[in-house]
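# Summary of the model geometry
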Amino acid sequence: MIRRAMRAGVPLGLLAALALPALALAKGDGDSLGAYDKGALVETTLINTLWVLVAAVLVLFMQAGFAMLEIGFSRQKNAGSGVAKILTNLSIAALAYWSVGFALAFGVDDSVSGLFGTDGFFLQDYEDAVPSEALAEAGVVNGDPRAAFPVMGLSDASIEAKWLFQFAFCAVSLAIVWGTTLERIKYMAYVAYAVVFSAIIYPVGSHWVFGGGWLQESVGMQDFAGSTAVHLIGATGALAALLLLGPRKNKFGPDRKARAIPGHSMPLVGLGTIILFIGWFGFNAGSTFNVEDLRFAEVAVVTLLGGAGGVIGAFVATTVFQKTIDIGMVANGMIGGLVAITAPSGYVESWSAPIIGLVAGVIVVAGVLAIEKRLDDPVGALSAHGLAGVWGTLSCGIFTSPRLAQYNAFGEESGGLWYSGSFAQLGHQALGVVVVFTFVLVLSLATFALIKATIGLRVEDEAEDAGLDIVEHGMYGYPEQFIPLPEIGAASHGPAAPGGFGNGAAAPEPAGSHAMSAKGATA
Amino acid sequence: MKMIVAYVRHEAFDPIRQELLDAGFPSLTITEVKGSGRQKGLTEHYRGSAIALNLRPKVKLECVVESHDAKVVMETILRHARTGSVGDGKIFVLPVEDAVRIRTGESGEKVLQAHEAEEIPA
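So, here's what we can say about the structure. Worth saying up front: this structure is predicted, and the values here are computed from it rather than measured. (Residues numbered from 1 in each chain as written. Chains lettered and ligands numbered in written order. Predicted model: local features only at pLDDT ≥ 70, side-chain atom pairs only at ≥ 80, totals over all residues.)

## A closer look at the overall build of chain B
The condition that has to hold: By definition, any uninterrupted DSSP run of H or I lasting at least four residues is a helix, any uninterrupted run of E lasting at least two residues is a strand, and each is numbered from the N terminus. Within these notes, the globule rule equals 2.2 Å times the number of residues to the 0.38 power, and the radius of gyration is based on C-alpha atoms. Any residue pair is listed as a contact if its two C-beta atoms, each placed from the backbone, are within 7 Å.
Across its full length, chain B holds two helices and six strands. The order of α-helices and β-strands along chain B, N terminus first, is β-α-β-β-β-β-α-β. Against the compact-globule benchmark of 14 Å for 122 residues, chain B has a radius of gyration of 18 Å, which places it well outside the compact range. By principal-axis analysis of the C-alpha atoms, chain B measures approximately 60 × 30 × 30 Å. Considering only contacts in chain B between residues 6 or more positions apart, those separated by 24 or more positions represent 72%.

Printed below as a string of structure tokens:
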């Protein structure tokens, strides 16, 4: 018991440390009521706030998509674990991103050369923020949150709506990390990494790319909604976890050939994919932060065409490479197409969206087939979020139109290779990808190595056989599949130790049996 | 008394069941089982990796009849379960020592006989 309490204590202590300053800082929330009383709220603020908030909720809904996708790709004995994980991760990310992450990602950057934001912790403490020249021209005054979070300052949506939207992005990136770790990672490893990821790794990485940091401002990298900033960062975290975690038991035979471990529900994979698809309209179209010039609807169409291209590309690729239409691959293709169109969604004309998606679909299938030979990535996160994220980011260097480059005011004004004949933008994109990948990989490897050395990263062999549901949660996600019906609600006592599941007693059944007592093998 | 245990293809079950009913043998138990014999396995593919399925699904059919009826039941099963390909299954015949009807406690061959229609409550 003591050992368990200590394991839980480390990450919980970190969270408590994050929360303490909040008590000291607590004061009135913004001044929206004051502005309302003075009649100073304008219609654009109202409509833009409404759109950003709706988009934020759409992106939050993507958590359901990730949960269903991962659960569908898991075996039945691990189906329940994904539910507890997604909720825990979301909640940890909320506290960490509110207290620390958002300020590092989007706060005024007074650090050396655009490394991280330095203002706005706990969404507070920006009364003396001074607007930049451009924002002052737009009527932003001292102490306005638009001055404190300048990269989103051109939108007059409320800072709370913008925070919720950006938090939802952080939660998406974190959810991507766990795709490679299914069915064998310890629960407490999630908790610990989630704190570091959503307070530091994601905020700093995304600050560089789309929070006004050095890759965006100095290098001129374009990433409209986060092919790199959200998806590649998440997938890189997933790679780091996988490298230290290793494959699932029996994934690779003695001949080192990969064996199939089929997920238990393709219908759930399909449901998850379609929920992600729906959420993506908030993800990309919401990244406009305003509705006034109707760009958001154009971005939505580009997003749809990218996703459609991804499915068609993957469908053709799986038919050619595998001589069958692999269901999971078609789903991965849609995700890959959407991931790829995320960076260019605000920079390209609609004609290039299906091409970007189509290429992504092919890349995703080829990527899964290649990765499967050496690494165990049950959901294809490395391919769908990683490789497609890289391709999507690079595709800005090819397809960005001059009109939209100037509209967004990042990168080369002459647009991508197709328009300008110049490799300049492609170069910026490639540099951005390499820098972010390296930064996140190093920091994540260090974090996971520390977790491995302290609380441990991987469950015991016997626990992996029995499944995470019964070992870590004391009950199966699908109890009727594992517990004989006459024993559910029955009064009779068998040879099991008293107390039932979760008492830490020795397992009554031989190791590896599904009916093994919770924690029995690990205690 | 004999117990007949047959392992047959799924699609053979329904015609066997129909004919046994018509012939006055309503009592039987089935279990869906997986097993291997001379029938070859299948190789399926999932995300680029192969998975060999060597245990093939079959229906296991059990029924206990009076000794002189065993031949009728076996012939019925043979007629419908045989396709001529490997994988049609097997029939085993086992001796049975006794039989007890739990509702009444009566025992012996008579508990194997079907009720007259009017004796069965709706």
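## So, the sheet that holds strand β5 (residues 56-65) of chain B
All names here are of chain B. Basically, it comes down to this: Strands are labelled as partners when DSSP assigns at least two bridges between them. All axes here are fitted lines through C-alpha atoms, helices being fitted over the stretch that makes contact, and every angle between N-to-C directions spans 0 to 180 degrees.
Spatially, β2-β5-β1-β6 is the arrangement adopted by the four strands of the open sheet, whose pairing is antiparallel. The sheet is open, and its two borders are formed by β2 (29-35) and β6 (89-95), each paired with just one other strand. Between one strand axis and the next, the sheet turns by 20 degrees as a mean value, whatever way the strands run. Relative to β5, β2 runs antiparallel, the two sharing seven bridges. In the strand pairing of β5, K34 is matched with P57. Packed onto the sheet, helix α2 (residues 70-81) meets β1 (2-8), β5 and β6 and runs at close to 5 degrees relative to β1.

## Details of the interface of chain B and chain A
When the parts of a complex come together, some accessible area is lost, and that lost area is often used as the size of the interface. To keep it simple, the criterion reads: Each residue is assigned to one class: nonpolar for Ala, Val, Leu, Ile, Met, Phe, Trp, Tyr, Cys and Pro, charged for Asp, Glu, Lys and Arg, and polar for all the others, Gly among them.
Counting residues at the interface gives seven residues for chain B and twelve residues for chain A. Elements supplying a minimum of two residues to the side of chain B that touches chain A: β3 (42-46) and β4 (49-53) of chain B. Examining the composition of the side of chain B that touches chain A, we find that three residues originate from one element, β4(B), more than from any other. Residue classes in the side of chain B that touches chain A are distributed as three nonpolar, three polar and one charged.

## With respect to the packing of helix α14 (residues 353-372) of chain A against helix α15 (residues 381-399) of chain A
In a pair of packed helices, the angle between the axes and the distance between the axes together describe the arrangement. All names here are of chain A. For clarity, the cut-off: Crossings are classed by handedness, with left-handed meaning an anticlockwise turn of the near helix from the far one by less than a right angle and right-handed meaning a clockwise turn.
Their axes nearest at 9 Å, the elements α14 and α15 cross at an angle of 145 degrees. Judged by the twist between their axes, the crossing of α14 over α15 is right-handed. Here I356, V359, A360, I363, V364, G367, V368 and I371 of α14 come into contact with α15, specifically with L382, S383, A384, L387, A388, W391, G392, S395 and F399. Of the residues contributing to the contact of α14 with α15, the split by class is 13 nonpolar, four polar and no charged.

## Looking at the pairing of β1(B)
All names here are of chain B. Here β1 runs beside β5; their pairing, made up of seven bridges, is antiparallel. Paired with V5 across the bridge in β5 is E62. In the sheet, β1 pairs with β6 via seven bridges, with the strands oriented antiparallel. Bridging from a neighbouring strand, V8 pairs with G89 of β6.

## Side note on the environment of I275(A)
Put simply, the rule reads: Here the C-beta atoms are placed from the backbone, and a residue counts as buried if at least 20 other C-beta atoms lie within 10 Å of its own, exposed if 12 or fewer do, and partly exposed otherwise.
Position of I275(A) relative to the elements: it lies in helix α11 (residues 266-285). Among the residues examined, I275(A) registers 20 C-beta atoms within 10 Å and is labelled buried.

That's the geometry; what it means functionally is another story.
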